[in-house]
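Next come the chains, spelled out residue by residue.
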Amino acid sequence: MYNIIDGNQISKVILDELKVKCSDYLKLNKKICMVDILVGDDEASKVYIENKKKKFDYVGIEFKQLCFDSSISEKELISKIEELNNDDTVNAIFVELPLPGTINEKNIIDKIASNKDVDGFSVKNLGALLQGNTGFFPCTAEGVVELLKRSNIDLNGKNCVVLGRSNVVGKPVSILLLNENATVTICHSKTKNLKEICKTADILIVAIGKAKFIDDTYVKDGVIVIDVGIHRFYEQDKKIVCGDVDFDKVANKTSYITPVPGGVGPMTVAMLLKHCIETINNE
Ligand code: NAP
């Protein structure tokens, strides 16, 4: 019988811990504020931001939204970010991606001061991740490792196979696992003998963006599976939400598995909130 790694429950515990920390800081007159920058008018982003804001309100971190028209120039946006970098009342800066095609995302992210870059994508923070130093690391990747640790899964010496090499998930999660002394194999769309490699995994992290791609023929008995993928679609008018793993086929072969929804998803915002609280240490 497999164990479910319940991301909803684990993230709720984390949010409650952060709420206590935040209230302790407030008692010391240390208020935490994150500025969230949205460029353009994407309705899906607005729904996502509204959900995120509710969690900030719950923990007690101020969430300020700055909205700009999609016609804003890269220079104007950079100047706004520099202003926020120099504003002592702002602890954290988060830029909603993607940005309009006229703006170079890397240029923008790199202008965020590394001690306010709670999303963890600036070159300085990614460098710190590679060097095994402290910094803010990409939230979903950190959320994966946090899920494993809080489920008391020892990573030391474990064979971890990571499917996907994106900058958002695959690469950072691989480095984080390596920093935890796991033996890490990274696979991607050009990897040969994918099934055979997956079957060597004690822990399989799947982040490929392909609905139900991994079935029971990819895993060995007792494997731990973390499914980062998230897909929403309709099948005969029924709304389907699933991951990159075919849960129904795989679960019975696993010792632990994350569901979708309710696995990795809620951990991303939890790690973002954790970073916001940690900005206090950087003051
Ligand atoms: P991505 O940028 O599209 O990267 C996908 C990666 O998977 C690429 O490295 C690609 O290889 C690899 N890949 C694609 N098909 C493959 C195959 N058949 N076999 C092996 N590798 C394959 O996606 P992402 O941003 O990392 O996201 C991955 C999934 O996680 C998506 O479903 C996304 O929605 C989800 N996600 C969830 C959260 C969250 O829960 N909070 C956050 C971020 C992403 P190449 O490099 O060779 O193209």
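To keep things clear, this report deals only with the structure shown in the data block. Because the structure is a prediction, the values reported are computed rather than measured.

### Topic: the state of the cysteines
Applying the stated criterion across every chain yields a total of zero disulfides. Here Cys139 is not disulfide-linked; the sulfur of Cys276 is the nearest cysteine sulfur, at 8.3 Å.

### So, helix α5 (residues 123-131)
Taken as a whole, α5 has its buried residues at Asn125, Ala128 and Leu129. Within α5, the buried residues cover an arc of 100 degrees as seen down the axis, which keeps them to one side. With respect to the buried face of α5, the exposed residues turned more than 90 degrees away are Val123, Lys124, Leu130 and Gln131. Buried residues in α5 make contact with α7 (170-179). Phi turns positive, to about 75 degrees, at Gly132, one or two residues after α5.

### Examining the sheet that holds strand β4 (residues 92-95)
Strand order in the open sheet formed by three strands is β3-β2-β4, with parallel pairing between adjacent strands. Each end of this open sheet is capped by a strand with a single partner; those strands are β3 (62-68) and β4. For this sheet, the mean angle separating the axes of adjacent strands, direction not counted, is 20 degrees. In terms of strand pairing, strand β2 (residues 33-39) meets β3 through seven bridges, oriented parallel. Counterpart to Val35 in the pairing with β3 is Lys64.

### Thoughts on the site of the ligand
What surrounds the ligand is a group of 20 residues, the closest being Arg165, Ser166, Ser189, Lys210 and Thr268. Between the ligand and Lys210 there is a distance of 2.9 Å, counted from a nitrogen atom to a side-chain nitrogen or oxygen. When the free accessible area of the ligand is taken as 930 Å², the share hidden by the protein chains comes to 71%.

### Overview of the environment of Glu180
For Glu180, the position within the fold is in the loop between α7 and β6 (183-187). Expressed as a C-alpha distance, the spacing of Glu180 and Gly132, which sit 48 residues apart in the sequence, is 9.8 Å. Contacts of Glu180, omitting those with residues within four sequence positions, involve Val145, Lys149, Leu155 and Asn156. Within the structure, the side chain of Glu180 is placed 2.9 Å from the side chain of Lys149, a separation counted as a polar contact.

### Observations regarding helix α1 (residues 7-27)
Taking 1.5 Å of rise per residue, the 21 residues of α1 would be expected to cover 30 Å, and the 30 Å separating its terminal C-alpha atoms lies within 8% of that figure. Listed as buried for α1 are Gly7, Ile10, Ser11, Ile14, Leu15, Leu18, Cys22 and Tyr25. Across the axial projection of α1, the buried residues extend over an arc of 135 degrees, all falling on one side. α1 presents Val20 and Lys27 as exposed residues on the side facing more than 90 degrees away from its buried surface.

### A few points about the pairing of β2
The element β2 is largely enclosed, with a buried count of seven among its seven residues. Neither face of β2 is exposed, since Cys33, Val35, Ile37 and Val39 on one face and Met34, Asp36 and Leu38 on the opposite face are all buried. Following the chain from β2 across helix α2 (residues 43-59) to the adjacent parallel β3, one finds a crossover that is right-handed. Note that β2 and β4 share four bridges and pair parallel.

### Here's the deal with the pattern of salt bridges
Any two side chains of opposite charge can pair, so long as their charged atoms come close to each other. Inspection of every chain in the model, using the stated rule, returns 16 salt bridges. Members of the salt-bridge network, linked through shared partners, are Glu17, Glu146 and Arg150.

### Some thoughts on the packing of α1 against helix α6 (residues 139-150)
Each pair of packed helices can be summarised by the angle the axes make with each other and by the distance between the axes. It is at 11 Å that the axes of α1 and α6 come closest, and there the two elements cross at 95 degrees. Relative to α6, the element α1 lies roughly perpendicular. Residues Gly7, Ile10, Val13, Ile14 and Glu17 of α1 lie in contact with α6, whose contacting residues are Glu146, Leu147 and Arg150. For the contact of α1 with α6, a count of residues per class yields four nonpolar, one polar and three charged.

### A closer look at the side chain of Ser11
Assignment of secondary structure puts Ser11 in helix α1. Ser11 gets classed as buried once you look at its relative accessible area, which sits at 6%. Only 3.1 Å separates the side chain of Ser11 from the backbone oxygen of Asn8, close enough to count as a polar contact. In this view, Ser11 contacts Pro266, Met267 and Ala270; residues no more than four positions away in its chain are not counted.

### So, the layout of surface pockets
By volume, the second largest pocket amounts to about 260 Å³. As for the second largest pocket, its lining consists of 15 residues, and the residues nearest its centre are Phe137, Glu142, Lys149, Leu176 and Glu180. Secondary-structure elements contributing two or more residues to the lining of the second largest pocket are α6, α7 and α10 (265-278). Residue contributions to the lining of the second largest pocket peak at four residues, all from α6. Across the lining of the second largest pocket, the residue classes tally to three nonpolar, six polar and six charged.

What counts as what
- Residues numbered from 1 in each chain as written.
- Predicted model: local features only at pLDDT ≥ 70, side-chain atom pairs only at ≥ 80, totals over all residues.
- Heavy atoms only, no water.
- Disulfide = S-S within 2.5 Å.
- Buried < 20%, exposed > 50% of the residue type's maximum accessible area, 1.4 Å probe, protein only.
- Helix = DSSP H or I, 4+ residues; strand = E, 2+ residues; numbered from the N terminus.
- Arc of directions from axis to C-beta.
- Contact = heavy atoms within 4.5 Å.
- Pairing = 2+ DSSP bridges.
- Axes fitted to C-alpha atoms, helices over the stretch in contact; angles between N-to-C directions.
- Near = heavy atom within 4 Å.
- Polar contact = N/O pair within 3.5 Å; in protein donor to acceptor, adjacent residues only side chain to side chain.
- Areas by Shrake-Rupley, 256 points an atom, 1.4 Å probe, with all protein chains shown as cover.
- Expected span 1.5 Å × (residues − 1).
- Right-handed = clockwise from strand over helix to strand, strands pointing away.
- Salt bridge = Lys/Arg side-chain N within 4 Å of Asp/Glu carboxyl O.
- Parallel < 35°, antiparallel > 145°, perpendicular 65-115°, else oblique.
- Nonpolar A, V, L, I, M, F, W, Y, C, P; charged D, E, K, R; others polar.
- 1 Å grid on protein atoms, 1.4 Å probe; cavity = no way out; pocket = protein on both sides within 12 Å on 5 of 7 lines; lining within 4 Å.
- Points joined across faces, edges and corners; volume = space filled by probe spheres on them.

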